[in-house]
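Chain and residue survey
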Amino acid sequence: MDESLSTFPARATPLHRLRHARRTAFNRMFAAIYFCAILVLLYRHALKLIHSTTFASFLISLSFLVSDTFLTFLWLTRQCCLMTIVYRDEYLENLQKVLFLKKSLDFPALDVFICTTDPYKEPPMRLVSTVLSVMAYDYPTENISVYVSDDGGSQVTLFACMEAAKFAYHWLPFCRKNNIIERSPEAYFATNHSSWFSDAEEIQKMYECMKQRVEKVLEKGKVGEEYITEELERKAFSKWADHGFTRQDHPTVIQVLLESCKNKDATSHLMPSLIYVSREKSRTSSHNFKAGALNVMLRVSATMTNAPIILNLDCDMYSNDPRTPLHALCYLLDPKLMSQLAYVQFPQIFHGINKNDTYSCEYKREFRCNPLGLDGVLGPTYVGTGCFFNRRAFFGGPSTIVPPEIPELGPNSVVNKFIQSQPVLELAHKVAGCNYEYKTKWGYEVGFRYGSLVEDFFTGLRLQCEGWRSIFCNPKRAAFLGDAPISLVDVLNQVQRWSIGSLQVAFSSFSPLTFGIRSLGPLMGLAYTHYCFWSTWFIPLTLYAFLPQLCLLHGLSVFPKLSEPSFILYVFLVLGAYGQDLLEFMIEEGTVQNWWNDQRMWMIRGLSSFGYGCLEFFLKCLGISTYGFGLTSKVIDNEQSKRYGQGMFEFGASSNMFVPLITAAIVNLVSFLTGLVQVLRGSKMEGLFLQMFLAGFVVLNALPIYEAMVLRNDKGRIPFKTTATSTCLALALYGLVSLPLTDSN
């Protein structure tokens, strides 16, 4: 890597450093050569289409032309993420010097938004660990305010937050005294006990007692009298006594659990503020999913603390480094950046993933590789968690502010009243009402943006189109660690939701392909376009998973022979694409086995969730179906967890998304075996070599599917009904194409 000058002048105090990746030049040269090869391939397809002599050959040529056109488009837009790769380093030791030069007495205030929805899918103890990990930051505690957004309106979640507040009384001094790195108690107590401090055992007993209380309340589904110790707590839980209180229909609930100017820990240090917020819900009002909840948090926090910096976290994404805010401040306090910097995005990194990452839940391209390239242009996309925002960015572009409907919600408003004062609480309840946004600019010009199930991606796009930029911060020690799904159906449902949301952005008036390119330039516009249309991978993947194999079953050659010059073209295109992808994967600390599983999951997603996502989106456009926000379960079953640890695929749940996947596995296996039999009989297969290779490659990737169909007896095996349905579909496909392919021979 080549080092470039810091963003600061030579004599100034540097807060960070920018380094350009040496492989950038290679990526650009390779992209130019590879693109020329693609043009030759498309020209070849066009010639074959023009000179088709039968209807079958015309359809085959047209299919490959369409398929490879989509592959070209997706490859080209991905290259925009590899043209300007940069790395960054932060100098935390210089922060105090910069604050002194700015004549600032202290670090800026920080509001933390932690989102949760359902305690039965997102275990409350995960939320507790996340809350405690950020409350224990190496940061002035009186400057931290933690807001928990409970969009399910659950008294169980409120109880868990109350327990977290009580435990923090002991946990924060313990972390400060012993300089603990793992500030999440769950993570700390899971580490090697030999490194514990003398008082760790006592703290663990407190934590385990708290955990038992929370889990018992979760099991009962309500907070019993035996768990209420104060009148204030009884008053708070009395709101759930109303029989009309449901998760879809309930009033606003705002409970201040800790106030930094009043509450102190066991060593008389001030504690961070902790506020529970559940916005008003009504069946007759639109709630805009997570984006709506975040906008309520923006408004409520503005009335109470209005910190200039906001950290957005998911409930299961705990802080893994107590100095993380300092890394973000190295950019947010840079005088050359701060006027145009909307957010600092940290990568999503997951713990608990098995050794070889069976389901490719690291999403290394999306969360590690691509942001490095985008950071060299205008910055990475916003991924919904682990992101430090400049509050000002939610109110118009860098040079033009869009004022909110009341001045108290503006980014420059100064809060000079206590959080629990009557005027503050009244205004907070008002702005959390379900009808408050009616006839306002919230969600359209102000705050997190509405219009897509992937509100994070859409919000990042809109902010950058308004003139803001972002920074990708990837320190050596992971800033945040979260949970990843360990069931294939959960993984595919999650990807299906992302596919629908990205298509909503693609076909909106803010499409990156049109509006984005005009506002951001070609590189950033096309990079966002890649994300928007990534679900269209299903078109070429489906065609390549079925068409060559069905032709192989009928002895029909669709690829060049080994002796033809164009055979070299195919070899170069395949090896070039896979080789570049493997290289990027390995550079970002991947392994060959992890990469193999990653490309296998790419094929699986292409034959399942991508296609279903596209189908559901277009059906919705026709008014035929509806979709909503599907929450990925974080609850782990012991047997399922054991199978996941062994690297076994989990097919146990019945899902229509498995049908095309299993059908493709059956078709490829039969076609490969048929070709192999022909070779053993002495038939000349020179013209069918590439088809056999492709079928064999799919079969190799599909080994876990065959195992789950035939060899396994556990709950994670493929249900017989799904196997039977897929087999019938494979036979139907064979029969459907038999007549036209036979006529073409």
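Residues numbered from 1 in each chain as written. Predicted model: local features only at pLDDT ≥ 70, side-chain atom pairs only at ≥ 80, totals over all residues. Heavy atoms only, no water.

Notes on the overall build of the protein
Of the regular secondary structure elements, the protein holds 25 helices and 13 strands. Scaling as 2.2 N^0.38, a compact globule of 745 residues should have a C-alpha radius of gyration of about 27 Å, and the protein matches this with 28 Å. Taking the principal axes of its C-alpha atoms as reference, the protein extends roughly 85 × 60 × 60 Å. For the protein, with 745 residues in total, the buried portion stands at 59%. Counting only contacts in the protein whose residues sit at least 6 apart along the sequence, the fraction spanning at least 24 positions is 80%. As displayed, the protein offers around 31,500 Å² of accessible surface, 61% of which is attributable to carbon and sulfur atoms. Averaging the locations of the 68 positively and 65 negatively charged side chains of the protein gives two centres separated by 4 Å. (Helix = DSSP H or I, 4+ residues; strand = E, 2+ residues; numbered from the N terminus. Rg over C-alpha atoms; globule rule 2.2 N^0.38 Å. Buried < 20%, exposed > 50% of the residue type's maximum accessible area, 1.4 Å probe, protein only. Contact = heavy atoms within 4.5 Å. Areas by Shrake-Rupley, 256 points an atom, 1.4 Å probe, with all protein chains shown as cover. Lys, Arg positive; Asp, Glu negative; His and termini not counted. Charge placed at Lys NZ, Arg CZ, Asp CG, Glu CD.)

Structural notes on the UniProt feature "transmembrane region" (unreviewed entry) in the protein
What UniProt calls "transmembrane region" (unreviewed entry) maps, in this numbering, to residues 25-43, 55-76, 528-547, 607-629, 657-680, 687-706 and 718-737. Note that residues 657-680 is 96% helix and 0% strand, and that its end C-alpha atoms are spaced 36 Å apart. The distance separating the terminal C-alpha atoms of residues 687-706 is 28 Å; by composition the span is 85% helix and 0% strand. (UniProt positions renumbered as here; feature names shortened; annotations may be inferred.)

Structural notes on the packing of aromatic side chains
Here the distance between the centres and the angle between the planes together describe a pair of aromatic rings. Throughout the structure, instances matching the rule amount to 55 aromatic pairs. Here phenylalanine 389 and phenylalanine 448 contribute two aromatic rings whose centre-to-centre distance is 5.7 Å and whose plane-to-plane angle is 80 degrees, an arrangement assigned as edge-to-face. Of the two residues, phenylalanine 389 sits in strand 11 (residues 387-390) while phenylalanine 448 sits in the loop between helix 12 (422-431) and helix 13 (455-465), which places them 59 residues apart along the sequence. Overall, the relative accessible area of 0% leaves phenylalanine 389 in the buried class. On the accessibility criterion, phenylalanine 448 (1% relative accessible area) is buried. Through a chain of ring-to-ring contacts, the aromatic side chains of Phe167, Trp171, Phe174, Tyr188, Phe189 and Tyr207 assemble into a single cluster. For lysine 262, the ring lying beneath its charged end belongs to phenylalanine 418, and the centroid distance is 5.5 Å. Taking NZ or CZ as reference, lysine 364 lies 5.5 Å from the ring centre of phenylalanine 585, over its face. (Phe/Tyr/Trp six-rings, centres within 6.5 Å; stacked < 30°, edge-to-face > 60°. Lys NZ or Arg CZ within 6 Å of the ring centre and 35° of its normal.)

A closer look at the confidence of the model for the protein
For the protein, the average pLDDT comes to 91, and 95% of its residues sit at 70 or higher. In this model residues 1-11 is a low-confidence stretch, pLDDT under 50, and it forms 27 contacts with partners more than four residues away in sequence or in other chains. (pLDDT = per-residue confidence, 0-100.)

Re the UniProt feature "binding site: Mn(2+)" (unreviewed entry) in the protein
Those places that UniProt annotates as "binding site: Mn(2+)" (unreviewed entry) correspond, in this numbering, to Lys290 and Asp314. In terms of the greatest pairwise C-alpha distance, the residues named above, spread along 25 residues, form a tight cluster of at most 10.5 Å across. Structurally, lysine 290 can be placed in helix 9 (residues 289-304). Assessed through its relative accessible area of 15%, lysine 290 is described here as buried. Non-local contacts of lysine 290, meaning those with residues more than four positions away in its chain, are made with Cys115, Asp314, Gly384 and Glu455. Position of aspartate 314 among the secondary structure elements: in strand 8 (residues 309-314).

As for the side chain of arginine 19
In this structure, arginine 19 sits in strand 2 (residues 16-20). Exposure remark for arginine 19: the relative accessible area of 17% places this residue in the buried category. Here the side chain of arginine 19 touches aspartate 89 through a polar contact of 2.8 Å, side chain to side chain. (Polar contact = N/O pair within 3.5 Å; in protein donor to acceptor, adjacent residues only side chain to side chain.)

Side note on unusual backbone geometry
For phenylalanine 289, which is not a glycine, the phi torsion comes out positive at approximately 50 degrees. Within the secondary structure, phenylalanine 289 sits in helix 9. Residue phenylalanine 289 is classed as partly exposed on the basis of its relative accessible area of 39%. In this structure, asparagine 306 is a non-glycine residue whose phi angle is positive, near 50 degrees. Turning to its location among the elements, asparagine 306 is positioned in the loop between helix 9 and strand 8.

Re the pattern of salt bridges
With the rule as written, the count across this model stands at 32 salt bridges. Linking aspartate 483 and arginine 126 is a salt bridge whose minimum nitrogen-to-oxygen distance equals 2.3 Å. One end of the pair, aspartate 483, is in the loop between strand 13 (480-481) and helix 14 (488-506); the other, arginine 126, is in helix 4 (residues 124-135), and 357 residues separate them in sequence. Take arginine 126: its relative accessible area is 26%, and that puts it in the partly exposed class. Overlapping salt bridges, with partners in common, bring together Glu163, Lys166, Arg213 and Glu233 in one network. (Salt bridge = Lys/Arg side-chain N within 4 Å of Asp/Glu carboxyl O.)

Topic: the nonpolar core
Formed by 130 residues in total, the largest nonpolar core has its most connected members in Trp171 and Phe388. Counting residues in hydrophobic clusters, the runner-up holds 57 residues, among them Val256, Met297, Leu374 and Val446. (Core = buried A, V, L, I, M, F, W, Y, C linked by side-chain atoms within 4.5 Å.)

A few points about a nonpolar patch on the surface
A cluster of nonpolar residues, Phe26, Met29, Ile33, Phe572, Leu583 and Ile587, forms a patch on the protein surface that exposes about 520 Å² of accessible area. At the level of secondary structure, the elements contributing two or more residues to the nonpolar patch comprise helix 1 (23-50) and helix 18 (566-587). Residue placement: phenylalanine 572 occurs in helix 18. A relative accessible area of 32% places phenylalanine 572 in the partly exposed class. (Patch = residues over 30% accessible without salt bridge, like charges linked within 9 Å, V, L, I, M, F, W, Y side chains within 5 Å.)

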